[in-house]
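Commentary on secondary and tertiary structure
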Protein chains: 2
Amino acid sequence: MKKYYTIGDVAARTGISAHTLRYYDKEGLLSFVERSESGKRLFKKEDFEPLYTITVLKKSGMPIKKIREFMTLYLQGNKTIHDRYVMFNDQRQSLLEQIAELEDMLKIVDYKCWYFQEAEKRGDINYYQKLPAEEVDPRIIEFNKIVDDFREGVIKED
Amino acid sequence: MKKYYTIGDVAARTGISAHTLRYYDKEGLLSFVERSESGKRLFKKEDFEPLYTITVLKKSGMPIKKIREFMTLYLQGNKTIHDRYVMFNDQRQSLLEQIAELEDMLKIVDYKCWYFQEAEKRGDINYYQKLPAEEVDPRIIEFNKIVDDFREGVIKED
DNA sequence: ATAGATGTTAGAGTATACTCGAAGTCAAGA
DNA sequence: TCTTGACTTCGAGTATACTCTAACATCTAT
């Protein structure tokens, strides 16, 4: 005899609300879920694997529509293995780009944290403008160069 | 005599559309921008610094409302340096968490890419289930453990 | 047998961030 | 002077991803 999980069980275990699970189903992400005679969703043990995959794709920034495409391939079995590989490989590339961008932002934010602390010590957000050029910290020069590029419309190459 | 940039100039230089710039203004992000007699926005050279800061906060995942809070502090000058430091420091933490999460996802996606390639070679998405336990790659065992935890509602500690 | 928890659907509502269209104003060159 | 292109506001529309409500069905425990 097979054990089934109700939508509430799945919600409690995965932290995805029952509302959201039904929304995902409506959007075609959960077509693999069985139904009882009366129409209730019956999640099986094996269903947690594709459900987990959905959460990974979501957290990787993939939109619902594209996840649906993936699930459509999933339902077709072995003949779509290659297509699914391609989708994951593309997503891998997207993740690398997202991480690189956030790391770039982190560098700027780190600088800003440092700069605000320096400015706070001196009680003046523009303190460096009153210093002789040779006493201005190189980090400030570098940041100002970035802002100048932004103003001049300089496009950064990859 | 002072040089001004029109909204179109700024759009062309920064890649932010004029529509979006007006939207940002309406949302209170661009209160520092001067206006001409006739109501046209006049961007100054110095305005590109806060505008750049806005783009950094945006790309860091900060919502418009919170960026507005930051700009409100910005307009108040030196007395808000500490508060602005705190906001950037919080954003720094948020960025570290976002990067950590994406790196976790990258690990899973890397695994999936590898697994789909193995499955494609064998023409069977569940090939490992037909292998004797000792021949199953440890990466597969590990991934299945993650899925089991997901099903059992195991919460990962930080 | 009945209450109460949990499930179902359809569809409306919310939040966020744009994105666009209409109607009108303004400034510079032919 | 007039045309043209860029600017203005206001408000509506779009896209994404939920999130919730209403009305009803069903399952479970006393």
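Residues numbered from 1 in each chain as written. Chains lettered and ligands numbered in written order. Predicted model: local features only at pLDDT ≥ 70, side-chain atom pairs only at ≥ 80, totals over all residues. Heavy atoms only, no water.

Here we look at the pattern of salt bridges
One pass over the full model with this rule turns up 28 salt bridges over all chains. The shortest N-O distance in the salt bridge between Asp25(A) and Arg35(A) comes to 3.2 Å. Of this pair, Asp25(A) sits in helix H2 (residues 18-26) while Arg35(A) sits in strand E1 (residues 34-35); the two residues are 10 residues apart in sequence, bridging distant segments of the chain. Taking the relative accessible area as the measure of exposure, Asp25(A) reaches 15% and is therefore buried. A salt bridge links Lys112(B) to Glu49(A); the shortest N-O distance between them is 3.4 Å. Taken as a pair, Lys112(B) in helix H5 (residues 81-122) and Glu49(A) in helix H3 (residues 48-59) lie in two separate chains rather than in one. Of the residues examined, Lys112(B) reaches a relative accessible area of 8% and is grouped as buried. Among the residues examined, Glu49(A) registers a relative accessible area of 30% and is labelled partly exposed. (Salt bridge = Lys/Arg side-chain N within 4 Å of Asp/Glu carboxyl O. Helix = DSSP H or I, 4+ residues; strand = E, 2+ residues; numbered from the N terminus. Buried < 20%, exposed > 50% of the residue type's maximum accessible area, 1.4 Å probe, protein only.)

Concerning the protein's contact with DNA strand C
DNA strand C sits among 18 residues. The nearest are Thr6(A), Gly8(A), Arg22(A), Arg41(A) and Tyr24(B). When atoms of DNA strand C within 4 Å of the protein are split into backbone and base, the sugar-phosphate part holds 74%. At a separation of 2.8 Å, a phosphate oxygen of DNA strand C approaches a polar side-chain atom of Arg41(A). Mapped onto the surface near DNA strand C, the elements with two or more residues apiece are helix H1 (7-14) and H2 of chain A together with helix H2 (18-26) and helix H4 (64-75) of chain B. Per element, the largest residue contribution to the surface near DNA strand C is four residues, and it comes from H2(B). Counted by class, the surface near DNA strand C contains five nonpolar, six polar and seven charged residues. (Near = heavy atom within 4 Å. Polar contact = N/O pair within 3.5 Å; in protein donor to acceptor, adjacent residues only side chain to side chain. Nonpolar A, V, L, I, M, F, W, Y, C, P; charged D, E, K, R; others polar.)

Observations regarding the interface of chain A and chain B
Counting from both sides, the interface comprises 50 residues of chain A and, opposite them, 51 residues of chain B. Across the chain A/chain B interface, buried area totals approximately 5,100 Å², and carbon plus sulfur atoms make up 72% of it. When residues of chain A are sorted by the area they lose upon contact with chain B, Tyr52(A), Phe150(A) and Arg151(A) head the list and together hold 16% of the total. Counting across the interface, chain A meets chain B through six salt bridges. Close ionic contact of Asp110(B) with Arg92(A) constitutes a salt bridge, the shortest N to O distance being 2.5 Å. (Contact = heavy atoms within 4.5 Å. Buried area = accessible area lost by both parts, 1.4 Å probe.)

Looking at the protein's contact with DNA strand D
Around DNA strand D, 19 residues are found, and the nearest of them are Tyr24(A), Thr6(B), Gly8(B), Arg22(B) and Arg41(B). Atoms of DNA strand D within 4 Å of the protein: sugar and phosphate make up 74%, bases the balance. Contacts to DNA strand D include Gly8(B), whose backbone N or O atom sits 2.8 Å from a phosphate oxygen. Contact between DNA strand D and Arg41(B): a phosphate oxygen at 2.7 Å from a main-chain N or O atom of the residue.

Quick word on the relation of the copies chain A and chain B
Each of the two copies of the chain can be brought onto the other by a rotation about an axis and a shift along it. Screw-axis analysis of chain A against chain B gives a translation of 0.0 Å along the axis, an RMSD of 0.1 Å, and a rotation angle of 180 degrees. With respect to symmetry, the two chain copies, as superposed, fit the operation of a two-fold axis. Every residue of chain A has its C-alpha some distance from the rotation axis, and the shortest such distance is that of Ile99(A), at 3.0 Å. Counting the interface residues of chain A, we find that 100% of their copies in chain B are interface residues as well, pointing to one common contact surface. (Least-squares fit on C-alpha atoms with pLDDT ≥ 70 in both.)

Describing the packing of aromatic side chains
Taken as a whole and assessed by the stated rule, the structure comprises 32 aromatic pairs over all chains. Relative to Phe88(A), the ring of Phe70(A) lies with its centre 5.3 Å away and its plane at 75 degrees, an arrangement referred to as edge-to-face. Residue Phe70(A) is found in helix H4 (residues 64-75), and its partner Phe88(A) is found in helix H5 (residues 81-122); the two are separated by 18 residues along the sequence. Using a relative accessible area of 2% as the deciding quantity, one classes Phe88(A) as buried. In this structure an aromatic cluster arises from ring pairing among Tyr5(A), Phe48(A), Tyr52(A), Tyr111(B), Trp114(B), Tyr115(B), Tyr127(B), Tyr128(B), Phe143(B) and Phe150(B). We note Arg139(A) situated over the ring of Trp114(A); from NZ or CZ to the ring centre the distance is 4.0 Å. (Phe/Tyr/Trp six-rings, centres within 6.5 Å; stacked < 30°, edge-to-face > 60°. Lys NZ or Arg CZ within 6 Å of the ring centre and 35° of its normal.)

As for the packing of H5(A) against helix H3 (residues 48-59) of chain B
Direction vectors running N to C along H5(A) and H3(B) enclose 130 degrees, while the axes themselves pass 9 Å from each other. As summarised for this structure, H5(A) and H3(B) are arranged oblique, according to the angle between their axes. Taken as a pair, H5(A) and H3(B) cross one another with a handedness that is left-handed. Contacts between H5(A) and H3(B) involve Glu101(A), Leu102(A), Met105(A), Ile108(A), Val109(A) and Lys112(A) from the first element and Glu49(B), Tyr52(B), Thr53(B), Val56(B) and Lys59(B) from the second. The residue inventory of the contact of H5(A) with H3(B), partitioned by class, reads six nonpolar, one polar and four charged. (Axes fitted to C-alpha atoms, helices over the stretch in contact; angles between N-to-C directions. Parallel < 35°, antiparallel > 145°, perpendicular 65-115°, else oblique. Left-handed = near helix turned anticlockwise from the far one by under 90°.)

Description of H4(B)
Each full turn of the α-helix corresponds to 3.6 residues, which orients residues three or four apart in the same direction. Relative to the 16 Å expected for 12 residues at 1.5 Å per residue, H4(B) spans 16 Å between its end C-alpha atoms, a close match to the ideal helical length. Restricting attention to buried positions, one finds in H4(B) the residues Ile64(B), Ile67(B), Phe70(B), Met71(B) and Leu73(B). For H4(B), the secondary structure elements touched by its buried residues are H5 of chain A together with H2, H3 and H5 of chain B. Phi turns positive one or two residues past the end of H4(B), at Gly77(B), with a value near 75 degrees. (Expected span 1.5 Å × (residues − 1).)

Everything listed is a geometric property; what it means functionally is a separate question.
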